[in-house]
Amino acid sequence: MSTPHTAQERYALVALGAIVVVTVGWWAAALWPLPAATPEWVLRARAACFGTERSGLPNGGGWILLIGTPLSMLAALAAIAPRELRGGIRWLRSSRSGRGLLVGSALGLVLLAGAAGARVAAAAGVTVGNDAPADFAGEPRRVSRATPALGLVNQSGATVRLEEFRGRPVIVTFAYGKCETVCPVVVHSVLAARDALTGDDPVVLIVTLDPWRDTVQRLPQIAESWELPSEALVLGGTVERVETVLDAWGIERSRDLRTGEIAHPSIAYVVDREGRIAFVTSGNADQITAAVRRL
């Protein structure tokens, strides 16, 4: 493939390519799903640059940056070197390899736009992960799979493992101490279900979603504020350990670094007497009660 006729046309094409590369990099930095083990400084950098909200998506200012900045750079390039830019594009269209480059670039941008759209659609609402229903309606969903490990510490300072509860049903749910919306409802529901299941003697395990603030030292205070009975345990540990457990149980969550609030599902698992997950519910007391009675 021959080169553009003038150096100005080459510079215009290089500038256009740089705008595309920078735009793709920005969108990836803002929207690429991050694993739970992502370093805190990376999360803070994303929040500072794009104003990440509880959903994990940029705020209004972040979207202006992502959309407006590339458009303004393209407008500036078109205003500064319109003839050179048109000439460079005509040169690309004049050869088979140039047309292939244009078509490939366009297809790549379409695929990236589709991936970004899927990311936005997934994060626009709080989803509930692998098996859980998305609301309180309906019946508990029967599943049959091995329980992931816990190995977390309870409010008494003891390490809790599911194996120690073999022979008893276990209700496992997820909440955090500073939550004032979903969590109190979920905690109240699992305790109400436990009270209704006196003959089954279930154990209630509440895994914190906020190991940064729900430290092991604060677990007794959280248990007291939730008025947990002796057979209901709130579990925590190091940030790394708790995040590993949450990932293993398939709990989706998004933490707002500015406020500490965590968007998360309302979900409760029912573990059978053999130690396998038997039902998944949306945390409704009636669903949990029905699930335990079907074991």
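Asks: If you had to explain the overall build of the protein to someone new, which residues and values would you point to?
Replies: When its secondary structure is counted, the protein shows nine helices and ten strands. When the 295 residues of the protein are sorted by exposure, 42% land in the buried category. In the structure as shown, the protein presents an accessible area of about 15000 Å², 59% of it carried by carbon and sulfur atoms.

Asks: Let's hear about the pattern of salt bridges: which residues, and what values?
Replies: Any two side chains of opposite charge can pair if their charged atoms end up close together. The tally for this structure, following the rule as stated, stands at eight salt bridges. R273 is the salt-bridge partner of D200, the closest N and O atoms lying 3.2 Å from each other. Of the two residues, D200 is situated in the loop between α6 (182-196) and β5 (203-208) and R273 in the loop between β9 (268-271) and β10 (276-281); the sequence distance between them amounts to 73 residues. Judged by its relative accessible area of 28%, R273 falls in the partly exposed class. Here R218 makes a salt bridge to D214, at a shortest N to O gap of 3.3 Å. R218 sits in the partly exposed class, given a relative accessible area of 22%. By sharing partners, the salt bridges in this structure join R168, D201 and E231 into a single network.

Asks: So what's going on with the side chain of Q155? Which residues, and what values?
Replies: Position of Q155 relative to the elements: it lies in the loop between β2 (152-153) and β3 (159-160). For Q155, a relative accessible area of 17% corresponds to the buried category. Polar contacts involving the side chain of Q155 include one to the main-chain carbonyl oxygen of A232, which spans 3.2 Å. Of note is the side chain of Q155, whose polar atom sits 2.9 Å from the backbone nitrogen of V234. Not counting the four nearest positions on each side in its chain, Q155 is found in contact with L219, P220, A223, L228, A232, L233 and V234.

Asks: How would you summarise unusual backbone geometry if you had to cite specific residues and measurements?
Replies: Within the chain, D201 stands out as a residue other than glycine whose phi angle is a positive 55 degrees. Residue classification places D201 among the partly exposed positions, given a relative accessible area of 37%. In this structure, E227 is a non-glycine residue whose phi angle is positive, near 55 degrees.

Asks: Describe in detail the sheet that holds strand β4 (residues 170-175), supporting the description with residues and values.
Replies: Pairing within the open sheet is mixed, and its six strands lie in the order β1-β10-β9-β4-β5-β6. The two strands at the open ends of the sheet, each matched to only one other strand, are β1 (141-146) and β6 (232-235). Sheet twist, expressed as the average angle between the axes of neighbouring strands with direction ignored, equals 25 degrees. Judged from the four bridges that link them, β4 and β9 form a sheet pairing that is antiparallel. Bridge pairing links V170 to V271 in β9.

Asks: Which residues make up helix α1 (residues 7-31), and what are the values?
Replies: Owing to its 3.6 residues per turn, the α-helix brings residues three or four apart onto one side. In this model α1 runs 36 Å from its N-terminal to its C-terminal C-alpha over 25 residues, within 8% of the 36 Å that 1.5 Å per residue would give. All of the buried residues along α1 are E9, A12, L13, I19, T23, A30 and L31.

Asks: Talk me through the packing of α1 against helix α3 (residues 60-80); I want residue IDs and the actual numbers.
Replies: Packing of α1 against α3 brings their axes to within 10 Å, and their N-to-C directions diverge by 180 degrees. As the angle between them shows, α1 and α3 are arranged roughly antiparallel. Contact residues: α1 offers A12, A15, L16, I19, T23, W26, W27, A30 and L31, while α3 offers W63, L65, L66, I67, T69, P70, M73, L74 and L77. Taken together, the residues of the contact of α1 with α3 break down into 16 nonpolar, two polar and no charged.

Asks: Residues and numbers for a nonpolar patch on the surface, please.
Replies: Taken together, V20, V24, L109 and L112 make up a surface patch of nonpolar side chains, about 280 Å² in accessible area. When residues of the nonpolar patch are traced back to their parent elements, those giving at least two are α1 and α5 (96-124). Assignment of secondary structure puts L112 in helix α5.

Asks: Account for the pairing of β5, with residues named and values stated.
Replies: With six of its six residues buried, β5 lies for the most part within the structure. With burial as the criterion, each face of β5 is covered, one bearing V203, L205 and V207 and the other bearing V204, I206 and T208. Pairing analysis gives six bridges linking β4 to β5, with the strands arranged parallel. Bridge pairing in β5 links V172 to L205. Tracing the backbone out of β4, into α6 and back to the parallel element β5 gives a crossover that is right-handed. Remark: the β5/helix α7 (residues 219-225)/β6 crossover connection has right-handed handedness.

Analysis parameters
- Residues numbered from 1 in each chain as written.
- Predicted model: local features only at pLDDT ≥ 70, side-chain atom pairs only at ≥ 80, totals over all residues.
- Heavy atoms only, no water.
- Helix = DSSP H or I, 4+ residues; strand = E, 2+ residues; numbered from the N terminus.
- Buried < 20%, exposed > 50% of the residue type's maximum accessible area, 1.4 Å probe, protein only.
- Areas by Shrake-Rupley, 256 points an atom, 1.4 Å probe, with all protein chains shown as cover.
- Salt bridge = Lys/Arg side-chain N within 4 Å of Asp/Glu carboxyl O.
- Polar contact = N/O pair within 3.5 Å; in protein donor to acceptor, adjacent residues only side chain to side chain.
- Contact = heavy atoms within 4.5 Å.
- Pairing = 2+ DSSP bridges.
- Axes fitted to C-alpha atoms, helices over the stretch in contact; angles between N-to-C directions.
- Expected span 1.5 Å × (residues − 1).
- Parallel < 35°, antiparallel > 145°, perpendicular 65-115°, else oblique.
- Nonpolar A, V, L, I, M, F, W, Y, C, P; charged D, E, K, R; others polar.
- Patch = residues over 30% accessible without salt bridge, like charges linked within 9 Å, V, L, I, M, F, W, Y side chains within 5 Å.
- Right-handed = clockwise from strand over helix to strand, strands pointing away.

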